[in-house]
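Summary of structural features
So the chains spell out like this:
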Amino acid sequence: MSEPSEGSRPAVELSYEQARDELAEVVRRLEAGGLTLEDSLTLWERGEALAAACQVRLDGARERLARQAPDEEPGQS
Amino acid sequence: MNERSSPDAPWPVRTVARKIGEWIGKLGEVWVEGQLAQLSTRGNSCYLVLRDPAADISLAVTCRRDVLGEPVAEGARLIVRARPDFFLGRGTLSLRASEVRRVGIGELLARLQRLRQLLAAEGLLDPARKRALPFLPRGLGLVTGRASAAEHDVLTVSRGRWPGVRVRVLNCAVQGPNAAAEVIDAVRKLDRDADIDVIVIARGGGSMEDLLPFSDEALCRAVAACATPVVSAIGHEPDTPLIDLVADVRAATPTDAAKRVVPDVAEETQRLTQLRGRALRALTGRVDTEQRGLAGLRSRPALADPAVLVRLRRTDLHALSERAARSIAHRLDAAAADLDHASARVAALSPAATLSRGYAVVQHIDGHVVADAAEVRSGQRLLVRLAAGRLAVTAE
């Protein structure tokens, strides 16, 4: 994944919210067009990396929730 | 009889008894108040035991039957005017009463009101002093009458709500002259017990007199001094003996007291499960919403189908190349047209047509066209251009 032009941090280091917000921005710029082919491709790769990072976070959250599922009832006190 | 007794000259018993009698007589006449603990009548004399409601101390009182008047109920508050009477024969002391008055209800209530104001003035009724009950008491201390309804209610209700509750019951008199002192003793014992972290004093309904011990000053002070939180459940809803005001929590009835002290564990567990379920659902909902948001972003063509970028470029390219081709074709046509036009003109201007009609063009060697015969010298080589081909000639 090439380093995006404005040198922002690798997607995995961003918080979930940061990654998701940047992803939205990437999509907006891609849809706005007016970019060189090279920039578009780089931007697209950045978008994919951000999306993957977000997905990892969501899967992690869901897995943690599943571990605390209510049906795993604590012993009666 | 010399003034001092000594081992060598001891006083006889009668002398000592007489001296004691003299000393006692010096007290003179007194008004004394107490609670009637016992009353027996023999012949014309009445024999009473007057007890201090706040201390485990009592005195024998004797009086003539007519002094006492109509019979007095045990536990009644009396005010007696009497003199100390030392019976030499057996060395016993009793008060000889000349007047016995009953303390009326009105007087009693007035007394309570005064005591209440006194306690309030000392800040003992101050809400700020009230301590909160422990949510789940390790040990519940219960002061109540033996095998009383109150005891039964508190035990069954608390065990029903939490089978694991540990109760230490101290039974004692809950009415009459000894009640206050016994309750005080029980409360102090439970207060000292480290395993007890809440004390309930419970008694069923009763008359004003029955509940009087629970407005006793010493009892109120004992409860106020307790380190352990105290719940008072005395009588029915409307009854409010002073102990209610001093206790940390006032319960309307023994059952109500049990409910306040012991949480319903089944209910608590159920509420806990509910809360955990709600928390989990809220969180799962949040994750779902985020997931949908992410899916939305990823499905956008710009991301989902990058080929669109290339395709867009390709169509642009295609359109451009088409235009380019068209414009070139156009220019070529134009150029071709110009060319035709030009060649037509060239053809028109060019001597070829003329030559083809038999004319010829004479040129010098250097290509200059000879226009004037004068320019040519004899023997000069010239070129003659015919419709077809050329001739090299020499001028004569």
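The structure displayed is predicted, hence computed values, not measured ones.

This part is about the packing of helix H2 (residues 37-67) of chain A against helix H10 (residues 265-299) of chain B. Axis separation between H2(A) and H10(B) bottoms out at 10 Å; the angle between their running directions is 160°. Considered as vectors, H2(A) and H10(B) are oriented roughly antiparallel to each other. Considering only the axes of H2(A) and H10(B), their crossing is left-handed. Contacts between H2(A) and H10(B) involve A:Glu48, A:Ala51, A:Ala52, A:Cys54, A:Gln55, A:Leu58, A:Asp59, A:Ala61, A:Arg62 and A:Leu65 from the former and B:Leu280, B:Leu283, B:Thr284, B:Val287, B:Asp288, B:Glu290, B:Gln291, B:Leu294 and B:Arg298 from the latter. The residue inventory of the contact of H2(A) with H10(B), partitioned by class, reads 10 nonpolar, 3 polar and 6 charged.

A few words now on the confidence of the model for chain A. Looking at chain A as a whole, its pLDDT mean stands at 78, while 79% of the residues score no less than 70. A low-confidence stretch, residues 1-6 of chain A stays under pLDDT 50, and its non-local contacts, those more than four residues away or across chains, total 8 contacts.

So, on to the packing of aromatic side chains. Aromatic ring pairs: the centre-centre distance and the angle between the two ring planes describe each pair. All names here are of chain B. Tallied over the entire structure, the rule returns 0 aromatic pairs over all chains. Over the aromatic face of Trp 11 sits the side chain of Lys 19, whose NZ or CZ is 4.7 Å from the ring centroid. Across the ring face of Trp 23, the terminal group of Lys 26 is positioned such that the distance to the ring centre comes to 4.3 Å.

Listed by partner, the interface residues are 22 residues for chain B and 32 residues for chain A. Interface of chain B and chain A: buried area, both sides summed, is about 2500 Å²; carbon and sulfur atoms make up 62% of it. Across the salt bridge formed by A:Glu48 and B:Arg298, the nearest N and O atoms sit 3.9 Å from each other. At the surface where chain B touches chain A, the tally comes to 6 residue pairs in polar contact (both at pLDDT 80 or more). Every element with two or more residues in the side of chain B that touches chain A is listed here: H10, helix H11 (301-304) and helix H12 (307-349) of chain B. With 15 residues, H10(B) is the largest single contributor of residues to the side of chain B that touches chain A. Each residue belonging to the side of chain B that touches chain A can be placed in one class, and the counts come to 11 nonpolar, 4 polar and 7 charged.

Right, let's get into the sheet that holds strand E10 (residues 249-250) of chain B. Residues and elements named next belong to chain B. Pairing is parallel in the open sheet, where 5 strands are placed in the order E7-E6-E8-E9-E10. Each end of this open sheet is capped by a strand with a single partner; those strands are strand E7 (166-171) and E10. Of the pairings in the sheet, the one linking strand E6 (residues 139-144) to E7 comprises 6 bridges and is parallel in character. By the bridge assignment for E7, Val 143 is matched with Leu 170. Contacting E6, E7 and strand E8 (198-203), helix H5 (residues 179-192) crosses the sheet at an angle of about 175° to E6.

We now examine the sheet that holds strand E4 (residues 77-87) of chain B. Residues and elements named next belong to chain B. Strand order around the closed barrel formed by 5 strands is E1-E2-E3-E5-E4, with mixed pairing between neighbours. Each strand of the sheet is rotated relative to its neighbour by a mean of 50°, with strand direction disregarded. Summarising the sheet, strand E1 (residues 30-42) and strand E2 (residues 45-51) pair through 7 bridges and their orientation is antiparallel. Looking at E2, one finds that Gln 38 is bridged to Val 49.

Attention now moves to the packing of helix H3 (residues 105-121) of chain B against helix H7 (residues 217-224) of chain B. All names here are of chain B. Look at H3 against H7: their axes get within 11 Å of each other, and the N-to-C directions meet at 25°. Here H3 lies roughly parallel to H7, going by the angle between them. When the axes of H3 and H7 are compared, the crossing they make is right-handed. Across the interface between the two elements, Leu 115, Leu 118 and Leu 119 of H3 pack against Glu 217, Cys 220 and Arg 221 of H7. A per-class count over the contact of H3 with H7 returns 4 nonpolar, no polar and 2 charged.

Residues and elements named next belong to chain B. Of the strand pairs in this sheet, strand E3 (residues 58-64) and strand E5 (residues 92-102) are connected by 2 bridges, and their pairing is parallel. Bridge assignment links Val 61 to a residue of E5, and that residue is Leu 95. Direction of pairing for E4 relative to E5: antiparallel, over a ladder of 10 bridges. Among the inter-strand pairings, Leu 78 is bridged to a residue of E5, identified as Arg 102. Hairpin remark: E4 followed by E5, antiparallel, with 4 residues in the connecting loop; positive phi at Gly 91, about 65°.

Residues and elements named next belong to chain B. Taken together, the side chains of Ile 105, Leu 109 and Met 208 define a hydrophobic patch exposed on the protein surface, amounting to about 230 Å² of accessible area. Structurally, Met 208 can be placed in helix H6 (residues 208-211). Taking relative accessible area as the criterion, Met 208 reaches 31% and is therefore assigned partly exposed.

In this section: unusual backbone geometry. A positive phi angle is found at B:Ala147, which is not glycine, with a value near 50°. Residue classification places B:Ala147 among the exposed residues on the basis of a relative accessible area of 71%.

Residue and element names in this part refer to chain B. Tracing the backbone through its elements, the reader meets Gly 91 in the loop between E4 and E5. Residue class for Gly 91 comes out partly exposed when judged on its relative accessible area of 40%. Taking C-alpha positions, Gly 91 is 9.9 Å from Val 16, a pair spaced 75 residues apart along the chain.

Attention shifts here to H10(B). For an α-helix the count is 3.6 residues per turn, leaving residues at separations of three or four pointing the same way. With 35 residues, H10(B) extends 50 Å from end C-alpha to end C-alpha; this agrees with the ideal 51 Å at 1.5 Å per step. Listed as buried for H10(B) are B:Val265, B:Thr269, B:Gly277, B:Leu280, B:Val287, B:Glu290, B:Gln291, B:Leu294 and B:Leu297. Against helix H1 (16-32) and H2 of chain A together with helix H4 (149-161) and H11 of chain B lie the buried residues of H10(B). The residue sitting at the N-terminus of H10(B) and contributing the capping side-chain oxygen is B:Asp264; that oxygen lies 3.1 Å from the backbone nitrogen of B:Ala266.

Once that is clear, we can look at the pairing of E6(B). Residues and elements named next belong to chain B. Of all 6 residues making up E6, 6 are buried, and the element is well covered by its neighbours. Across the two faces of E6 the burial is the same, with Gly 139, Gly 141 and Val 143 and Leu 140, Leu 142 and Thr 144 all buried. As for the winding sense of the linkage, the β-α-β connection from E6 through H4 to E7 is right-handed. With 5 bridges connecting them, E6 and E8 associate as parallel partners. Looking across to E8, one finds that Gly 141 is bridged to Ile 199.

Analysis parameters
- Residues numbered from 1 in each chain as written.
- Chains lettered and ligands numbered in written order.
- Predicted model: local features only at pLDDT ≥ 70, side-chain atom pairs only at ≥ 80, totals over all residues.
- Heavy atoms only, no water.
- Axes fitted to C-alpha atoms, helices over the stretch in contact; angles between N-to-C directions.
- Helix = DSSP H or I, 4+ residues; strand = E, 2+ residues; numbered from the N terminus.
- Parallel < 35°, antiparallel > 145°, perpendicular 65-115°, else oblique.
- Left-handed = near helix turned anticlockwise from the far one by under 90°.
- Contact = heavy atoms within 4.5 Å.
- Nonpolar A, V, L, I, M, F, W, Y, C, P; charged D, E, K, R; others polar.
- pLDDT = per-residue confidence, 0-100.
- Phe/Tyr/Trp six-rings, centres within 6.5 Å; stacked < 30°, edge-to-face > 60°.
- Lys NZ or Arg CZ within 6 Å of the ring centre and 35° of its normal.
- Buried area = accessible area lost by both parts, 1.4 Å probe.
- Salt bridge = Lys/Arg side-chain N within 4 Å of Asp/Glu carboxyl O.
- Polar contact = N/O pair within 3.5 Å; in protein donor to acceptor, adjacent residues only side chain to side chain.
- Pairing = 2+ DSSP bridges.
- Patch = residues over 30% accessible without salt bridge, like charges linked within 9 Å, V, L, I, M, F, W, Y side chains within 5 Å.
- Areas by Shrake-Rupley, 256 points an atom, 1.4 Å probe, with all protein chains shown as cover.
- Buried < 20%, exposed > 50% of the residue type's maximum accessible area, 1.4 Å probe, protein only.
- Expected span 1.5 Å × (residues − 1).
- Right-handed = clockwise from strand over helix to strand, strands pointing away.

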